[in-house]
Number of protein chains: 2
Amino acid sequence: MAEAARHDKTARQLRLLSDALDSGRLGPVKRLINTLSPAEIGNLLESLPPAKRKVVWGLVDPEDDGEVLVHVGEEVRESLIADMDEDELVAAATDLDIDDLADLVDDLPDKVIEEVLKSMDRENRERLERVLSYAEGTAGRLMNPDVVTVRADTTVDVVLRYLRLRGELPEHTDHLYVVNRRHRLIGWVALQDLVTHDPSTPINRLIDDNLTAIHVDEPAEDVARKFSDHDWISAPVVDDDNVLLGRITIDDVVDIIREQAEHQALSAAGLDEDEDLFSPVWRATRRRMLWLGINLATAFLAAGVVGQFEDTIHALTALAVLMPIVAGMGGNAGTQVLALMVRGLALGQVGASNVRALLWKEVRVALLNGLGLGLILALVVLLWFHDLGLALVITIALTCNLLFAAIAGVLIPVTLKRLGYDPALASSIFLTTVTDVMGFFTFLGLATLLLLR
Amino acid sequence: MAEAARHDKTARQLRLLSDALDSGRLGPVKRLINTLSPAEIGNLLESLPPAKRKVVWGLVDPEDDGEVLVHVGEEVRESLIADMDEDELVAAATDLDIDDLADLVDDLPDKVIEEVLKSMDRENRERLERVLSYAEGTAGRLMNPDVVTVRADTTVDVVLRYLRLRGELPEHTDHLYVVNRRHRLIGWVALQDLVTHDPSTPINRLIDDNLTAIHVDEPAEDVARKFSDHDWISAPVVDDDNVLLGRITIDDVVDIIREQAEHQALSAAGLDEDEDLFSPVWRATRRRMLWLGINLATAFLAAGVVGQFEDTIHALTALAVLMPIVAGMGGNAGTQVLALMVRGLALGQVGASNVRALLWKEVRVALLNGLGLGLILALVVLLWFHDLGLALVITIALTCNLLFAAIAGVLIPVTLKRLGYDPALASSIFLTTVTDVMGFFTFLGLATLLLLR
């Protein structure tokens, strides 16, 4: 119900917009867009076919352009950038925070980057260059170098006076960082503690030095994990010498978590999380054809196995009728194991220490399912083909294939991960290859041995 | 690489722990556990087989018990609670914040809840009862009623003195709420503004009344969406009369986002996001058998179609060899479309206004893929069976099935969502039924018409 209500609301908004666009009345569209946050505008643009997307993008307040570009997927971003001229791009990029700008830089034309750098003051230019010097997908690339630091040998009163002098703080500042003369991180002081303690309190007494800083080279997924394990709002980023380089805030982490989740969901189907819902037909075709082509190759493998048993099938065509059941059930059962394993691997819950225990559990589940479903299958086959031998063979084959599926479902993702590959991406192809090939082979093989004489 | 490194680290920790557990040296295990946050301990417990889980759970500092229970999945939570006696449970629950306690309450025995309520002061008891009066999965159930409010007609100095008197603020307090005499929400003041403005500044001037409050009945997914669309750290929760009831903080929202993502990934395989990696074999079997049973029923449907063409297959066994290719490719192509649609629906990007445009795009992609892959398939079949007619038939059948897959991939999830069902859950079963049935039917049907005479 809640789900439906939400859908209705978004759908209503989209419909309103769509109708207004169709009628060419752009005034209401513009008013609607200007009530949305950059992330919401981004979401809206992603949902529009190319022609309408272009119109709406032209109506977005130029001040929001930069933030919107940061909030859309790579592919949509490219299509939006292609619609802007150089001056617009420079203006959009100049408005951004350093960390957001760093996010965008790879997609901007060189000339635009040059202009943006020229328009920045030296401090910000150096900050941007520092952020860009770290690899994508690391803490260094996520951090914002704009941090507020204080010294330990002072008081709340002095710090408050300093903050009043300084004026506005960086967004989502919940802590001030305490550093020494060499800018090494000593600890942090919560804003909450500043406002709840007496002005004469020495900062020394408020320092929490029990903080875990993030190393600048740490992978983004680890950063995300730490944020959610420790309920952080922000965290400091340091180098090898514990020198404070910047800070990461939860809003960027939320984006990472969403991207990771989309990656996991889409890569199982051979798609990229940056895929545009309305990507050009030719590009979408090329990309999907690669994935389907790999699947076609594995399908030939399975067909080759069936081909070995053409004589058997000729003698007993019921086998052709039933063989997709054995293969398909293996695929379905294996996919269940796979889904659990991929999640477990992503959460760090599955490793060398518990693979054996997991395998043993899944093998037992497969055996029980094989016997249970095998019984149903045997009954149906008996009623359909009046052939006890065939019913027996398909039950054995099904149980065997569920076993193969369980073993493949546990071992394939673990092995891929150990070899440094993404288990979410390729596991399902390997799995269905196993369940198709083994399903056909055991069923047709057993039938040849037991039913033909 | 980064992925591998992270895996290695977690795996090493797990291995250390596992070795220590195996050797019975519990001292090091206890020391290791006490360096972890409650969320990390929860993650660790989820990764352990039942026997080891029990041992480790016994070693966790009782002070952390409550927080750990909040951080594990429903199934694991039940197994942990089953290992605790009443006194331990009461102690664990008493330590928790109201919102966390509300999360746990459904899983606690009535006697424990009674004891916990008894041990609370009246204010907190009323707060808990208020939170529990809202339905699960709504903002009311997520909120923490512990908020700091101020009046508009005062100054920064007065507020700071009040805060110093009050002492510690609720966790993740980034704003103070400004309310009127009837506790209706007028706006909020950022902690950041309090510390950067002169003490004599009137609060009136710092109020941001442009805030969007969350209605207490709003579904949790909408709350999560708003947080990530607006980069919030916290947000106020109000009732119909705009009376301030509590606030929601980003850490709880991150948990929702993770759960949603897991739900989407696991429900495609007919699993629940609360599924325990090591759930008892019998329970896991029963649950999976339900899903596999439904799949078996649809497999019979597809087998029934093949059964109509037994004579055709008897005359040309190559059809049995090749028919799984046509059905399987349809399933794979449809799964790609489905994955995109399910994501689009979850993000509110897909609705009545753009379904037609999406369908048209996917149909063109399917046609191009059908022709491209069909050509490859035709060549292989020609080389393998030296039968031009067969090559032609399989190419046409493949193209048709990719078309069916595209149409089903777009329309099935949209229709399920419109009917109020979860598109992530059942779409894949319907889809593969379509691609299997139509794949077999077009291939074998065309072969009967064109190849047999």
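Everything numeric here is computed off the predicted structure, so don't read it as measured data.

A. Inspection of the overall build of chain A at higher detail. The helix and strand tally for chain A stands at 22 helices and six strands. Counting only C-alpha atoms and orienting by the principal axes, one finds that chain A spans roughly 95 × 60 × 45 Å. In chain A, buried positions account for 56% of the 453 residues. By sequence separation, contacts in chain A at least 24 residues apart represent 65% of the contacts at least 6 residues apart. When the accessible surface of chain A is split by element, carbon and sulfur atoms take 55% of a total near 19,200 Å².

B. Region of interest: the packing of aromatic side chains. All names here are of chain B. Inspection of every chain in the model, using the stated rule, returns eight aromatic pairs over all chains. Taking 5.4 Å as the distance between ring centres and 85° as the angle between the ring planes, the aromatic pair formed by Phe227 and Trp232 counts as edge-to-face. Summarising the burial analysis for this pair, Phe227 and Trp232 share the class buried.

C. Broad picture of the relation of the copies chain B and chain A. Screw-axis analysis of chain B against chain A gives a translation of 0.0 Å along the axis, an RMSD of 0.1 Å, and a rotation angle of 180°. The operation mapping one copy onto its partner corresponds to a two-fold rotation axis. Mapped onto chain A, 99% of the interface residues of chain B again fall at the interface, so both copies present the same surface.

D. Spotlight on the sheet that holds strand β6 (residues 244-249) of chain B. Residues and elements named next belong to chain B. With respect to topology, three strands assemble into an open sheet ordered β4-β5-β6, the strand pairing being mixed. Only two strands of the sheet have a single partner each, and these edge strands are β4 (214-215) and β6. For strand β5 (residues 234-238) and β6, the ladder comprises five bridges, and the chain directions are antiparallel. In the sheet register, Pro236 faces β6, and the bridge partner there is Arg247.

E. Spotlight on the environment of B:Asp198. Tracing the backbone through its elements, the reader meets B:Asp198 in the loop between α13 (191-196) and α14 (203-206). Each C-alpha atom, one on B:Asp198 and one on B:Gly389, is 87 Å from the other, the two residues being 191 residues apart in sequence. If we ignore the near neighbours within four places in the chain, the residues touching B:Asp198 are A:Arg164 and B:Val156. A distance of 2.8 Å separates a polar atom in the side chain of B:Asp198 from a polar atom in the side chain of B:Ser200.

F. Region of interest: the sheet that holds strand β1 (residues 149-150) of chain A. All names here are of chain A. If you trace the three strands from one edge of the open sheet to the other, you get β1-β2-β3, paired in mixed fashion. In the strand order of this sheet, the two ends are held by β1 and β3 (185-190), each with one partner. Pairing of β1 with strand β2 (residues 175-179), which is carried by two bridges, proceeds in the parallel orientation. Of the residues in β2, the one forming a bridge with Val150 is Val178.

G. Main features of the packing of helix α19 (residues 318-346) of chain B against helix α21 (residues 388-418) of chain B. Residue and element names in this part refer to chain B. One way to put it is that α19 packs onto α21 with a least axis distance of 8 Å and a crossing angle of 30°. Taken together, the axis directions place α19 and α21 in an arrangement best described as roughly parallel. α21 is crossed by α19, and the crossing has right-handed handedness. Of the residues belonging to the contact of α19 with α21, the class tally is 21 nonpolar, four polar and one charged.

H. The arrangement of the UniProt feature "transmembrane region" (unreviewed entry) in chain A in detail. Residue and element names in this part refer to chain A. As annotated in UniProt, the feature "transmembrane region" (unreviewed entry) corresponds to residues 289-309, 315-342, 363-385, 391-416 and 428-452 in the numbering used here. Within residues 391-416, the helical portion is 100% and the strand portion 0%, while the C-alpha atoms at the span's ends are 37 Å from each other. Along residues 428-452 the backbone is 92% helical and 0% strand, and the end-to-end C-alpha distance reaches 34 Å.

I. Broad picture of the environment of A:Val68. Residues and elements named next belong to chain A. Relative to the helices and strands, Val68 is located in helix α5 (residues 65-71). Its relative accessible area of 0% is what places Val68 among the buried residues. Taking C-alpha positions, Val68 is 4.7 Å from Pro38, a pair spaced 30 residues apart along the chain. Setting aside residues up to four positions removed in sequence, Val68 forms contacts with Pro38, Ile41, Gly42, Leu45, Trp57 and Val60.

Calculation criteria
Residues numbered from 1 in each chain as written. Chains lettered and ligands numbered in written order. Predicted model: local features only at pLDDT ≥ 70, side-chain atom pairs only at ≥ 80, totals over all residues. Heavy atoms only, no water. Helix = DSSP H or I, 4+ residues; strand = E, 2+ residues; numbered from the N terminus. Buried < 20%, exposed > 50% of the residue type's maximum accessible area, 1.4 Å probe, protein only. Contact = heavy atoms within 4.5 Å. Areas by Shrake-Rupley, 256 points an atom, 1.4 Å probe, with all protein chains shown as cover. Phe/Tyr/Trp six-rings, centres within 6.5 Å; stacked < 30°, edge-to-face > 60°. Least-squares fit on C-alpha atoms with pLDDT ≥ 70 in both. Pairing = 2+ DSSP bridges. Polar contact = N/O pair within 3.5 Å; in protein donor to acceptor, adjacent residues only side chain to side chain. Axes fitted to C-alpha atoms, helices over the stretch in contact; angles between N-to-C directions. Parallel < 35°, antiparallel > 145°, perpendicular 65-115°, else oblique. Left-handed = near helix turned anticlockwise from the far one by under 90°. Nonpolar A, V, L, I, M, F, W, Y, C, P; charged D, E, K, R; others polar. UniProt positions renumbered as here; feature names shortened; annotations may be inferred.

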